[in-house]
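Listed here are the chains, written in short residue letters.
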Amino acid sequence: MRARSPLDLGGPVGPARVVRTGKPELVREIDATHLERGARSAEHLELLRSLGLTSYMSCPLRAHGRVLGAITLVASRPERHFDDSDLALAEEMANRCALAIENARLYADLQASVRKRDEFLSIAAHELNTPLTPLRLQLGSLARLCREAPEGS
């Protein structure tokens with residue numbers, strides 16, 4: 001669905017609005033008007049209608065004051081309609097998901113920093129060894145000369 005109808009962040013309803021505003025959205029009962037407002041194309045509208053959606057909610061994935069995305073839940077059974085308690089649970093789930101995503105991003109950043117540090121240390125060690133090698137050879141030659149020199153010379 002994403003390939004055929006990419007998300008338009010300017011959309012008036014749905015995940016687009018949730019990402020843009022950072023506020024959750026609950027539609028207890030989806031009607032034809034809501035589907036038409038949320039559809040991004042005629043093909044998308046037909047797909048939405050074919051799913052038989054009855055209720056919908058979308059919550060922002062927010063971490064450290066930033067909206068990372070949205071989590072969207074839909075119901076398609078005629079007897080199932082989301083309410084405020086479902087929304088509260090979805091918001092808690094979205095908060096936990098956002099923290100997990102942010103922690104994964106921080107961990108990846110840390111790993112990249114460690115790789116850069118290791119690369120720097122490897123280059124620095126090589127660069128330090130380059131001038132030290134002739135100095136070590138020179139000191140080895142001097143030590144050998146001192147050992148081979150007759151005493152008292």
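Residues numbered from 1 in each chain as written. Predicted model: local features only at pLDDT ≥ 70, side-chain atom pairs only at ≥ 80, totals over all residues. Heavy atoms only, no water.

S.K.: Is there a simple way to explain the overall build of the chain in this structure?
M.R.: From N to C terminus, the chain includes 4 helices and 3 strands. N-terminal to C-terminal, the α/β element order of the chain is α-β-α-α-β-β-α. Expected size for 153 residues packed as a compact globule is a radius of gyration near 15 Å; at 32 Å, the chain overshoots this value by more than 25%. Seen along its three principal axes, the alpha-carbon backbone of the chain occupies a region of about 110 × 35 × 25 Å. Here the chain, with 153 residues, has 25% of them falling under the buried criterion. When contacts within the chain are restricted to residue pairs at least 6 apart in sequence, those whose partners lie at least 24 apart make up 57%. Charge centroids of the chain, computed over 21 positive and 20 negative side chains, lie 3 Å from each other. (Helix = DSSP H or I, 4+ residues; strand = E, 2+ residues; numbered from the N terminus. Rg over C-alpha atoms; globule rule 2.2 N^0.38 Å. Buried < 20%, exposed > 50% of the residue type's maximum accessible area, 1.4 Å probe, protein only. Contact = heavy atoms within 4.5 Å. Lys, Arg positive; Asp, Glu negative; His and termini not counted. Charge placed at Lys NZ, Arg CZ, Asp CG, Glu CD.)

S.K.: Explain the pattern of salt bridges here, please?
M.R.: Side-chain pairs of opposite charge can arise where the charged atoms are in close proximity. All chains considered together, the criterion is met by 11 salt bridges. Linking Arg49 and Glu46 is a salt bridge whose minimum nitrogen-to-oxygen distance equals 3.1 Å. Taken together, the positions of Arg49 and Glu46, both in helix H3 (residues 42–51) and 3 residues apart, correspond to about one turn of that helix. Judged by its relative accessible area of 39%, Arg49 is partly exposed. Residue Arg117 is joined to Asp118 by a salt bridge in which the shortest nitrogen-to-oxygen separation is 2.7 Å. Classification of Asp118 as partly exposed rests on a relative accessible area of 37%. Residues participating in the shared-partner salt-bridge network are Arg66, Glu102, Arg105 and Asp109. (Salt bridge = Lys/Arg side-chain N within 4 Å of Asp/Glu carboxyl O.)

S.K.: How should I be thinking about the sheet that holds strand S1 (residues 25–27) in this particular structure?
M.R.: Strands in a sheet are paired, the pairing made by backbone hydrogen bonds, and the direction either parallel or antiparallel. Taking strand neighbours across the sheet as the criterion, the 3 strands line up as S1-S2-S3 in an open arrangement whose pairing is antiparallel. Single-partner strands in this sheet number two, and they are S1 and strand S3 (66–75). Ignoring which end each strand starts from, the neighbouring axes of this sheet average 15° apart. Taken together, the 3 bridges between S1 and strand S2 (residues 55–63) define a ladder with antiparallel strand orientation. Paired with Glu25 across the two strands is Ser58, which belongs to S2. Strands in contact with helix H4 (residues 84–148) are S1, S2 and S3; relative to S2, the strand with the most contacts, it is inclined by about 35°. (Pairing = 2+ DSSP bridges. Axes fitted to C-alpha atoms, helices over the stretch in contact; angles between N-to-C directions.)

S.K.: What exactly am I supposed to notice about the side chain of His34 here?
M.R.: Along the chain, His34 falls in helix H2 (residues 32–38). Non-local contacts of His34, meaning those with residues more than four positions away in its chain, are made with Val13, Val27 and Tyr56.

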